[in-house]
Amino acid sequence: MKALTYHGSKDVRVESVPDPVLLQPDDIILRVTATAICGSDLHLYRGKIPEVHDGDILGHEFMGIVEDAGPGVTAVRKGDRVVIPFVIACGQCFHCRLDEYSACETTNTGKGAAMNQKGIRPPAALFGYSHLYGGVAGGQAEYVRVPMANVGPFAVPDALPDEQVLFLSDILPTGYQAAVDAGVGAGSTVAIFGAGPVGLMAAACCRMLGAAEIFMVDHHPYRLQFAQRAYGVIPIDFDEQDDPAGIIVEQTQGRGVDVSIDAVGFEAKGSRLETALTTLKLEGSSGAALRQCIAATRRCGTVSVPGVYAGFIHGFLFGDAFDKGLTFKMGQTHVQKLMPELLEHIGNGRLDPQAIITHRLPLAEAARAYAIFDGKEEDCRKVVLTP
Ligand code: NAD
Ligand code: ZN
Ligand code: ZN
């Protein structure tokens, strides 16, 4: 079969690789009908995530048709059309029973990314996301083996096209969890940093949850303009405005917003020093977006962090967070928990995730698709690949 494989920083290729086979009784083989490139894939593409090996198949946002099922699979059967959560969870361990699927203790044969681990178990395995997260082959491929098929695969109605349900796999629950965990509700004021796909999904969900005011910060005018049109955000371009948090505080009676959402992560732009230090690995993550979030949030508010972070940040103003009495929420998304309610919102028209798609390419052109999405070329917001 054909699959998108990693060969080093900015070197991905569509190649012929062996077809996947069933390995466990509760595995399925999925024929992929649609797969997206996620902002998390860009961290791998840029060579910033350790333990991605030459030839690894990438991709963790995908859906398709069940092609084959092991004898232990009871939840789905051959021919079912399903969306696959990017998190692989067993459904039975301590964390899964608490609906904390991305903390599943049993699926990851890797060691996770925490530096000071004290021997605790790693978090859940993720598709196509380095050997720290299990080295599981990803879904930017014609076929993919899906482990734990009684827990993950989520059947979707035929009436909804692939593009409208595909993001249930990752960015939609990620944006939703970021908002819900932070308590966004009727009348909330919110600042979202990052107008990429995750920031856009967060904006859509905040709007749906009744937020009164949503500020959105980025430096790509085309992304900000879309968010303004689609979700009514107040755009702030950080290339034009040195201190977006200052403006946000000013426009919220000098207090700051109830909730800030960091949909940027560890490659945040804005501090040349931190960008240089992270490249030299003297700093684990850039703290530029996180500092803005802390500064933009009102006393006793919440900073919610779907953006991915790694290692240490020297310029993390924990004292400011303490002084303001902030709450932090963060982590990989508990996708399995959120899929059913989000499908309902798509079905009843309250969410329209496909609206963010700008690029549709065949899997064969996936390498070019990565370059376009990474380079923000052609006003790219989100790419969907079809095998
Ligand atoms: P993306 O790279 O397309 O978007 C990031 C956006 O942030 C870009 O538009 C960029 O211009 C902007 N940005 C950069 N520096 C900024 C700054 N200092 N302030 C404001 N904006 C800034 O990616 P995406 O798909 O939207 O993903 C965003 C983050 O979410 C990534 O870190 C990704 O790994 C993470 N993610 C996490 C989960 C999860 O489960 N927690 C799931 C999916 C994605
Ligand atoms: Zn992702
Ligand atoms: Zn589990």
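Here the residue numbering is sequential within each chain, running from 1 through the sequence in written order. To read the labels, note that chains go from A and ligands from 1, taken in the order they are written. Where totals are concerned, whole chains, interfaces and linings use all residues; where local detail is concerned, this predicted model gives features only for residues with pLDDT of at least 70, and gives and counts side-chain atom pairs only at 80 or more. As a convention, hydrogens and water are excluded, and side-chain values are obtained from all of the structure's heavy atoms.

A.B. asks: Can you lay out the coordination of the zinc ion (ligand 2) for me, pointing to particular residues and giving the numbers?
C.D. replies: Donors, by definition, are the N, O and S atoms found within 2.8 Å of a metal, the threshold being 3.2 Å for Na, K and Ca, and water is not counted, so a site can look incomplete. Taken together, the protein ligands of the zinc ion (ligand 2) are Cys-38 (SG), His-60 (NE2) and Asp-170 (OD), with distances of 1.8 to 2.3 Å. Relative accessibility under 20% of the residue-type maximum defines a buried residue, over 50% an exposed one, and the middle range a partly exposed one, all with a 1.4 Å probe and only protein chains included. Given a relative accessible area of 3%, Cys-38 falls into the buried group. On the basis of relative accessibility, which here comes to 2%, the residue His-60 falls in the buried class.

A.B. asks: Account for the coordination of the zinc ion (ligand 3), naming residues and giving values.
C.D. replies: Around the zinc ion (ligand 3), the protein supplies Cys-90 (SG), Cys-93 (SG), Cys-96 (SG) and Cys-104 (SG) as donor atoms, at distances of 2.3 to 2.4 Å. Each of the 4 donor atoms around the zinc ion (ligand 3) contributes to a set of angles spanning 103 to 117°, which defines the coordination as tetrahedral. Working rule for geometry: tetrahedral if four donors all subtend angles between 85 and 135 degrees; square planar for four, octahedral for six, if opposite donors exceed 155 degrees and the others stay between 65 and 115; irregular in every other situation.

A.B. asks: Could you give an account of the nonpolar core, naming the residues involved and the relevant values?
C.D. replies: In this text, buried Ala, Val, Leu, Ile, Met, Phe, Trp, Tyr and Cys residues form a nonpolar core when linked through side-chain atoms within 4.5 Å. One finds Phe-167, Leu-168, Leu-172, Ile-192, Cys-206, Met-216 and Tyr-231 to be the most contacted residues of the largest nonpolar core, which totals 87 residues. If one sorts the elements of this core by residue count, helix H5 (residues 197–208) sits on top with 9 residues. Domain borders in the structure are assigned automatically or taken from a domain database. When residues of this core are sorted by domain, at least three fall in each of domain 1 (2–170 + 333–386) and domain 2 (171–330). Here Leu-168 is in contact with Val-83, Phe-154, Val-156, Pro-173, Val-335, Met-339, Leu-342, Leu-343 and Ile-346, once residues within four sequence places are set aside. Among the nonpolar cores identified, the runner-up in size contains 18 residues, and Val-217, Ile-248, Ile-294 and Val-305 belong to it. Helix and strand definitions here come from DSSP, where helices need a minimum of 4 consecutive H or I residues and strands a minimum of 2 consecutive E residues; each element is numbered from the N-terminal end. Note on contacts: a residue pair is in contact if any heavy atoms of the two residues lie within 4.5 Å.

A.B. asks: Go over the site of ligand 1, please, and point to the residues and values.
C.D. replies: Ser-40, His-43, Asp-218, Lys-269 and Pro-306 are the nearest of the 30 residues found near ligand 1. Between a nitrogen atom of ligand 1 and a main-chain N or O atom of Pro-306, the distance comes to 2.8 Å. Nitrogen and oxygen atoms within 3.5 Å of one another constitute a polar contact, given that in protein one can donate a hydrogen and the other can accept it, and given that sequence-neighbouring residues count only through two side-chain atoms. For ligand 1, an oxygen atom lies 2.9 Å from a polar atom in the side chain of Thr-333. The fraction of the free accessible surface of ligand 1 (870 Å²) that becomes covered by protein chains is 96%. In this classification, Asp, Glu, Lys and Arg are treated as charged, Ala, Val, Leu, Ile, Met, Phe, Trp, Tyr, Cys and Pro as nonpolar, and every other residue, Gly included, as polar. Looking at the shell around ligand 1 residue by residue, the class counts come to 13 nonpolar, 13 polar and 4 charged. For the shell around ligand 1, the domains that each give at least three residues are domain 1 (2–170 + 333–386) and domain 2 (171–330). Whether a residue is near a molecule or strand depends on its heavy atoms: it is near if one of them lies within 4 Å of it. Per-residue and other accessible areas follow the Shrake-Rupley method at a 1.4 Å probe size, with only the shown protein chains counted as cover for residues.

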